[in-house]
Amino acid sequence: MRILKIFPVLIICLLAFNPDSNAQCKAFAKSKCLPELGEYTHDGNYHATVLLEGEEAELYKTFYSDMDYRMVVCNEETIGKVEFSVLDANRNLLYSNKDANNSQVWDFKLQSSQQLKIVLKVKSTGQQGMNPPSGCVAIMFGFKIKK
Amino acid sequence: MNRLLKISKYLVVLLVLFAFVMTGCRSGGGKVQKVADTTSVPQGNAAAYENLKQAEKIFYTLPSPLESAMLIKSAGAIFDSKLLNPVDNAKNYSTNRSMAVNLGIYTCDLSFASLYDQTQLIIDYMNAAKKMADGLGILDAIQKEDIDKLEENIHNTEAIMEIVSQTYLNSNSYLEDNGQQAIASIVLAGGWIEGLYISTQLVDMKKLGGNKLVGRIIDQKLSVDILLNLLENSKGNPAIDDLITQIKKIRTIFDKIPLETSPVRPEYDKENDITVLKSEVHADLKPEVFAELSSAVAEIRASFIK
């Protein structure tokens, strides 16, 4: 009979320990990040993941000439601000939001198409502990519609 | 006793399920790759990115079907409905691979029709994309309200593109969140090939030089390695392996197009509050290489829509 009592507990554990962090991340990206694109049309691609403080992520994308782009990087408040930098194929630094008051939005265009690399790094808040804080980080791209 | 044995069996099944769920939850979503699995970077730039600090997550991203359509439009191309995958074909797609690849294709066609104010086609192609998304089990990606909203805004290009963007985001985020990265990659590949197919078909072979659309096609050389890296993340899946073989054929042709770029110089345009990345690019595309590329893309696209 004891086993019958464990049964529902296990079901609850199954549900409770299934952290729907991905869905949470999606909801965060849609509600907090997407509006930052403003007049730019979101390209529809989804890039979001959960990062720990101090962790880095990279993104490779080709950007095209004569297009006006907006890039938005946003993160949940559970982690420190995200620093991002943009590098060309020769690892030259083209932009860093550190030089722009940690702005999470960057508007840019290109004279000729380029494959760029974007490096995201979650700054540490310096909190000590066994488990560093984690939170959702999303990066979104928008472009202007040309008629 | 029998009852206890039966319950024990259920418990074992539950524990296995529990372990499975917990393991599944730890895998990253999206076009994300743990560097521990591989250290590959887009091959064109592999040397350039050597010795970099290893990142925890890597995303490879292609132009979305919306961006592909926008690239064609901004190059001054004309609209030709005959180039789109007929919506009647939607009933032929029953496998996950065919529905995924055609979700990308129909979304690109839908974006293309939207940018050229093709009102009836917009509704038809949204319905075709919905059929693919529904077939893939993507819950609520495209709802009836989205189609109603499309009809209400049928003459407002920006509003239509917003709706297309939103529905596409719903689809690919659903796939990423549910561990279906392979399907998400196939959707992207379908949209990319469709954009390349429409572009190559719209080019007049007699006017290759100075043609802006040809420039857009050459630009895709920069994305082909990204696509291969993205697909490599799901290597071992038969549909993906097949796709890798097809895309490698395209890369072999792109390799025949020399592309030289000058160093990139960022300049801030204060008046418009925008950074301009300045650089010059030189490419040499021979007519026979273009014909080869056009034919290879058409062949792959035909295999996608049959």
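Since the structure is predicted, the reported quantities are computational estimates derived from the model, not experimental observations. (Residues numbered from 1 in each chain as written. Chains lettered and ligands numbered in written order. Predicted model: local features only at pLDDT ≥ 70, side-chain atom pairs only at ≥ 80, totals over all residues. Heavy atoms only, no water.)

### A closer look at the pairing of strand E7 (residues 105-110) of chain A
Summarising the sheet, strand E4 (residues 68-75) of chain A and E7(A) pair through 5 bridges and their orientation is antiparallel. Counted as the bridge partner of Asp68(A) is Lys109(A) from E7(A). Looking at chain direction, E7(A) and strand E5 (residues 274-278) of chain B are connected through 3 bridges and run parallel. Note that in E5(B) the partner of Lys109(A) across the bridge is Val276(B). (Pairing = 2+ DSSP bridges. Helix = DSSP H or I, 4+ residues; strand = E, 2+ residues; numbered from the N terminus.)

### Focus: the packing of helix H4 (residues 119-135) of chain B against helix H6 (residues 157-177) of chain B
Residue and element names in this part refer to chain B. Packing of H4 against H6 brings their axes to within 11 Å, and their N-to-C directions diverge by 10°. Here H4 is positioned roughly parallel relative to H6, judged by the angle of their axes. The residues of H6 that touch H4, namely those facing Ile122, Met126 and Ala133, are Ile160, Ile163, Val164, Thr167 and Ser171. Of the residues in the contact of H4 with H6, the class split is 6 nonpolar, 2 polar and no charged. (Axes fitted to C-alpha atoms, helices over the stretch in contact; angles between N-to-C directions. Parallel < 35°, antiparallel > 145°, perpendicular 65-115°, else oblique. Contact = heavy atoms within 4.5 Å. Nonpolar A, V, L, I, M, F, W, Y, C, P; charged D, E, K, R; others polar.)

### A few points about the side chain of Glu76(A)
Residue and element names in this part refer to chain A. Tracing the chain through its elements places Glu76 in the loop between E4 and strand E5 (82-87). Lys32 provides the closest opposite charge to the buried, unpaired Glu76, separated from it by 9.7 Å. A polar atom in the side chain of Glu76 sits 2.8 Å from the backbone nitrogen of Cys136. The residues contacting Glu76, other than those within four sequence positions of it, are Gln24, Phe28, Gly135 and Cys136. (Buried < 20%, exposed > 50% of the residue type's maximum accessible area, 1.4 Å probe, protein only. Lys, Arg positive; Asp, Glu negative; His and termini not counted. Salt bridge = Lys/Arg side-chain N within 4 Å of Asp/Glu carboxyl O. Polar contact = N/O pair within 3.5 Å; in protein donor to acceptor, adjacent residues only side chain to side chain.)

### Considering the nonpolar core
The biggest cluster of nonpolar side chains holds 122 residues, and the ones touching the most others in it are Met71(A), Ile118(A), Leu120(A), Phe112(B), Trp192(B) and Ile250(B). Element by element, the count of residues in this core is highest for helix H7 (residues 181-202) of chain B, at 13 residues. Setting aside its immediate chain neighbours within four residues, Met71(A) contacts Phe84(A), Val86(A), Gln104(A), Val105(A), Trp106(A), Phe108(A), Ile118(A), Ile139(A), Met140(A) and Phe141(A). Counting 14 residues, the second-largest nonpolar core is a separate cluster that includes Leu37(A), Val72(A), Cys74(A) and Met140(A). (Core = buried A, V, L, I, M, F, W, Y, C linked by side-chain atoms within 4.5 Å.)

### Some thoughts on the packing of aromatic side chains
The geometry of two aromatic rings is summed up by the distance between their centres and the angle between their planes. The full count for this structure, using the stated rule, is 12 aromatic pairs over all chains. Plain terms: the ring middles of Phe79(B) and Phe112(B) are 5.1 Å apart, the flat faces sit at 40° to each other, and that makes the pair tilted. With a gap of 33 residues between them, Phe79(B) in the loop between helix H2 (65-74) and helix H3 (96-115) and Phe112(B) in helix H3 connect regions that are remote in the sequence. For Phe112(B), a relative accessible area of 0% puts it in the buried group. Where Phe79(B) meets Tyr116(B), the ring centres are 5.5 Å apart and the plane angle is 40°; that geometry is what we call tilted. In this pair, Phe79(B) is assigned in the loop between H2 and H3 and Tyr116(B) in the loop between H3 and H4, connecting sequence segments 37 residues apart. Each member of the pair, Phe79(B) as well as Tyr116(B), is classed as buried. An aromatic cluster is built from Phe63(A), Tyr69(A), Phe84(A), Tyr95(A), Trp106(A), Phe108(A) and Phe141(A), whose rings are joined through pairwise contacts. (Phe/Tyr/Trp six-rings, centres within 6.5 Å; stacked < 30°, edge-to-face > 60°.)

### Thoughts on the pattern of salt bridges
If you walk through the whole model with that rule in mind, you get 17 salt bridges over all chains. The salt bridge partner of Asp177(B) is Lys26(A), with a shortest N-O separation of 3.8 Å. One end of the pair, Asp177(B), is in helix H6; the other, Lys26(A), is in helix H2 (residues 21-33), on a second chain. Between Lys286(B) and Asp284(B) there is a salt bridge, and its shortest N-O distance comes to 3.4 Å. The exposure class of Lys286(B) is partly exposed, given its relative accessible area of 42%.

Don't take any of this as a statement about function, it's just geometry.
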